[in-house]
Amino acid sequence: MCAWGGRGVSGRPGAVTPPDVAGLQRRLADFAAARHWQPYHTPKNLVSALSVEASELLEIFQWLTPEQSDHVMQDPDTAHRVRDEVADVLAYLLQFCEVLGIDPLAALSAKIDRNELRFPLPTAPPLAHPTSTTPVQNPEESPNGHSSE
């Protein structure tokens, strides 16, 4: 689990301005620099930590039914854990992007553009919702189970 510095929403106590990506990346970099952690923030280490934090988020949902997972935020303790793990995942992703010079919002926008071309709107009516026994293939994966990009 991570331990990030905490201030108001935009870095000032009592602030109400929503944070922006660049501001959050700056805060994370300042936090790491103040602790002399920069030598450890290599792409390999950051993506490894990102994977660990994503697994900690997955762990919360691992044995829940789909119905239980729909209501996970109704339990205050579990909701707190989910928010903390989402924050940890996002923190490592933003640091990873910063180190590699990736604009995460531009990368996401470009990916959505490509997916809109790869997966045009259907012309036929939607299929019935799959049951838990119906095998479902992720449209992002090829038939062999690997990402097509």
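Reference entry: report on the structure contained in this document. Predicted, not measured: the structure shown is a model, and the values here were computed from it. (Residues numbered from 1 in each chain as written. Predicted model: local features only at pLDDT ≥ 70, side-chain atom pairs only at ≥ 80, totals over all residues. Heavy atoms only, no water.)

### A few points about the nonpolar core
Across soluble globular proteins, nonpolar side chains show a tendency to be buried alongside one another. With 6 residues, the main nonpolar core is built from Leu46, Ala49, Leu50, Val89, Tyr92 and Phe96. Going through the elements one at a time, helix H2 (43–61) and helix H4 (76–100) are the ones with two or more residues in this core. Once residues lying within four places of it in the same chain are set aside, the contact partners of Leu46 are His41, Tyr92, Gln95, Phe96 and Val99. (Core = buried A, V, L, I, M, F, W, Y, C linked by side-chain atoms within 4.5 Å. Buried < 20%, exposed > 50% of the residue type's maximum accessible area, 1.4 Å probe, protein only. Helix = DSSP H or I, 4+ residues; strand = E, 2+ residues; numbered from the N terminus. Contact = heavy atoms within 4.5 Å.)

### Describing the packing of helix H1 (residues 21–34) against H4
At their nearest, the axes of H1 and H4 sit 10 Å apart, and the two run at 90° to each other. When the axes of H1 and H4 are compared, the pair comes out roughly perpendicular. Note on element contacts: H4 touches H1 through Ala91, Leu94, Gln95, Cys97 and Glu98, opposite Val21, Leu24, Gln25 and Leu28. Partitioning the contact of H1 with H4 into residue classes produces 6 nonpolar, 2 polar and 1 charged. (Axes fitted to C-alpha atoms, helices over the stretch in contact; angles between N-to-C directions. Parallel < 35°, antiparallel > 145°, perpendicular 65-115°, else oblique. Nonpolar A, V, L, I, M, F, W, Y, C, P; charged D, E, K, R; others polar.)

### Let's talk about the packing of aromatic side chains
Inspection of every chain in the model, using the stated rule, returns 1 aromatic pair. Centre to centre, the rings of Phe31 and Trp37 are 5.6 Å apart; their planes meet at 70°, and the pair counts as edge-to-face. Taking NZ or CZ as reference, Arg35 lies 3.6 Å from the ring centre of Phe31, over its face. (Phe/Tyr/Trp six-rings, centres within 6.5 Å; stacked < 30°, edge-to-face > 60°. Lys NZ or Arg CZ within 6 Å of the ring centre and 35° of its normal.)

### Notes on unusual backbone geometry
Unusually for a residue other than glycine, His36 sits at a positive phi of about 60°. The topology assignment puts His36 in the loop between H1 and H2. On the accessibility criterion, His36 (60% relative accessible area) is exposed.

Function cannot be read off these values alone, since they describe shape.
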